[in-house]
Amino acid sequence: MSQSLPRSSAPVHHRRTLLVAALLVGLLPSAGPRAGGSAAPVDVRYAIEVAGIRVAELALTVTPGEGGVASRLVMQSVGLAAAWSGARSELATVMRRPEGGPPAPLRFEAVHTKRDREREVRIRYGGDGAIAALALRSQGRPRPPEVPEELRVGTIDPLTAFERLRDWLPRAATGEAEREITLPVFDGRKRVDLEARYVGRTPSPDGRGEAHELSVRLIGRYGFDPDDRFIELPDGDRPAPLRVLVDAANGAIPLRIDVPDRRTGPIITLLRDCLSERCPPPG
């Protein structure tokens, strides 16, 4: 008998869920920085499930270089989700890590494709970290940005936010940094504030060790609507925060993302750490 997603995961809502999930994995902390301020490499794979059905897979890589970092996130729908939309998103960032300062973006690019459309985003940043150029294209044609300019000021892209969280988590866990952090994120099409709060240590999902637990809120500033179920709108309902479990022993790899009171998901779980086992390259 064929499987089907619940009505609450109808195709349009389901595609929004995938976009939010891609944003989440791109923003979650992993291994902290090595001595000298260079980022530790990352190569991990994740699965996204809705109502017990796998709907997408993600690949996240971080590659340190001389004085900088390159990061890439690829999300690909699978199964019924692929049959509906064939959704695929690829985000790539190059950033610098100034001595004594947080990671700063240099350029960000994103390509979002479905069966019937393709959207591209290119952002360039100046030496002060401010946006110097922004280009959006839909079906190969230029389009003006919808997010107001005043909401873009002071923002960073999702993968630079990931690097900043990588710096914050180990310090928050030891009391060297505040237990809460807010990051203003702009991906060219949407504007969101990510608020992360360090809760403490808890048993890992498999019960074999410990995990750092984070409580995460996503506050939509532009480009979201009430159908984006995990986004908190300033004048709307306040959904339950996401629970994030991050491995406390094995390089602080994110293990699981869910909402405890929402049984149908989505649930994001770690499939493989490709630094310790062989994995195919990201799609």
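Thresholds, definitions, all that
- Residues numbered from 1 in each chain as written.
- Predicted model: local features only at pLDDT ≥ 70, side-chain atom pairs only at ≥ 80, totals over all residues.
- Heavy atoms only, no water.
- Core = buried A, V, L, I, M, F, W, Y, C linked by side-chain atoms within 4.5 Å.
- Buried < 20%, exposed > 50% of the residue type's maximum accessible area, 1.4 Å probe, protein only.
- Helix = DSSP H or I, 4+ residues; strand = E, 2+ residues; numbered from the N terminus.
- Expected span 1.5 Å × (residues − 1).
- Polar contact = N/O pair within 3.5 Å; in protein donor to acceptor, adjacent residues only side chain to side chain.
- Disulfide = S-S within 2.5 Å.
- Pairing = 2+ DSSP bridges.
- Salt bridge = Lys/Arg side-chain N within 4 Å of Asp/Glu carboxyl O.

**Q** Report on the nonpolar core, specifying residues and quantitative values.
**A** Ranked by size, the top nonpolar core spans 53 residues in total, and within it Trp168, Leu214 and Val216 carry the most contacts. Ranked by residues supplied to this core, first place goes to helix 4 (residues 158-173) with seven residues.

**Q** Describe helix 4, listing the residues and the values that go with them.
**A** The end-to-end C-alpha distance of helix 4, which contains 16 residues, comes to 22 Å, matching closely the 22 Å that a straight helix rising 1.5 Å per residue would cover. For helix 4, the tally of buried residues reaches twelve of 16 residues, placing the bulk of the element in the interior. Here helix 4 has its buried residues at Pro158, Leu159, Thr160, Ala161, Phe162, Glu163, Leu165, Arg166, Asp167, Trp168, Leu169 and Ala172. Between the side-chain oxygen at the start of helix 4 and the backbone nitrogen of Leu159 there is a gap of 2.9 Å, and the oxygen is on Asp157.

**Q** Tell me about the side chain of Thr155, and please be specific about residues and values.
**A** With respect to the element layout, Thr155 can be found in the loop between helix 3 (149-152) and helix 4. Since its relative accessible area comes to 3%, Thr155 is described here as buried. Within the structure, the side chain of Thr155 is placed 2.7 Å from the backbone oxygen of Arg152, a separation counted as a polar contact.

**Q** Any details on the environment of Leu60? Residues and values, ideally.
**A** In this structure, Leu60 sits in strand 2 (residues 53-65). With relative accessibility at 3%, the residue Leu60 sits in the buried group. Counting along the chain gives 214 residues from Leu60 to Cys274, while the straight-line C-alpha distance between them is 10.0 Å.

**Q** Tell me about the state of the cysteines, and name the residues and values.
**A** As enumerated under the stated definition, the model contains one disulfide in all. In this model, Cys274 is linked to Cys279 through a disulfide, with the two sulfur atoms separated by 2.1 Å. Classification of the bridge connecting Cys274 and Cys279 rests on its S-S torsion, roughly -90°, and on that basis the disulfide is left-handed. Across this residue pair, the class does not change: Cys274 and Cys279 are buried.

**Q** Account for unusual backbone geometry, naming residues and giving values.
**A** The backbone of Ala51 sits at a positive phi, close to 55°, despite the residue not being glycine. Taking relative accessible area as the criterion, Ala51 reaches 35% and is therefore assigned partly exposed. A positive phi angle, close to 55°, is found at Gln139, a residue other than glycine. Looking at where Gln139 falls in the secondary structure, it is placed in the loop between strand 7 (131-138) and strand 8 (141-143).

**Q** Can you tell me about the pairing of strand 7, naming the residues and giving the values?
**A** The sheet contact formed by strand 6 (residues 117-125) and strand 7 spans seven bridges and is antiparallel. Residue pairing in the sheet places Arg122 in a bridge with Ala135 of strand 7. The antiparallel pairing of strand 6 with strand 7 creates a hairpin that spans five residues between the two strands, and Gly129 there sits at a positive phi of about 85°. Two strands pair when backbone bridges link them, and strand 7 and strand 8 are joined in this way by three bridges, in the antiparallel orientation. From the neighbouring strand, Ser138 faces strand 8, where its bridge partner is Arg141. The antiparallel hairpin formed by strand 7 and strand 8 contains two residues in its connecting segment, where Gln139 sits at a positive phi of about 55°.

**Q** For the environment of Gly52, give the residues involved together with the corresponding values.
**A** Relative to the helices and strands, Gly52 is located in the loop between strand 1 (42-50) and strand 2. Once the C-alpha coordinates of Gly52 and Thr264 are considered, the two residues, 212 residues apart in sequence, prove to be 7.0 Å apart.

**Q** Help me get a handle on the pattern of salt bridges, residues and values and all.
**A** Within this structure, the stated rule accounts for 19 salt bridges. Put simply, Asp167 and Arg97 hold a salt bridge, and the shortest N to O gap is 3.0 Å. Within this pair, whereas Asp167 is found in helix 4, its partner Arg97 is found in the loop between strand 4 (88-96) and strand 5 (104-114), the two being separated by 70 residues in sequence. A single burial state applies to Asp167 and to Arg97, both of which are buried. Of the charged contacts, one joins Arg217 and Glu232 as a salt bridge, the two residues approaching to 2.6 Å between their closest N and O atoms. With Arg217 in strand 11 (residues 210-222) and Glu232 in strand 12 (residues 231-232), this pair connects stretches of sequence that are 15 residues apart. What you see here is one network of salt bridges that share partners, running through Arg97, Glu163, Arg166 and Asp167.

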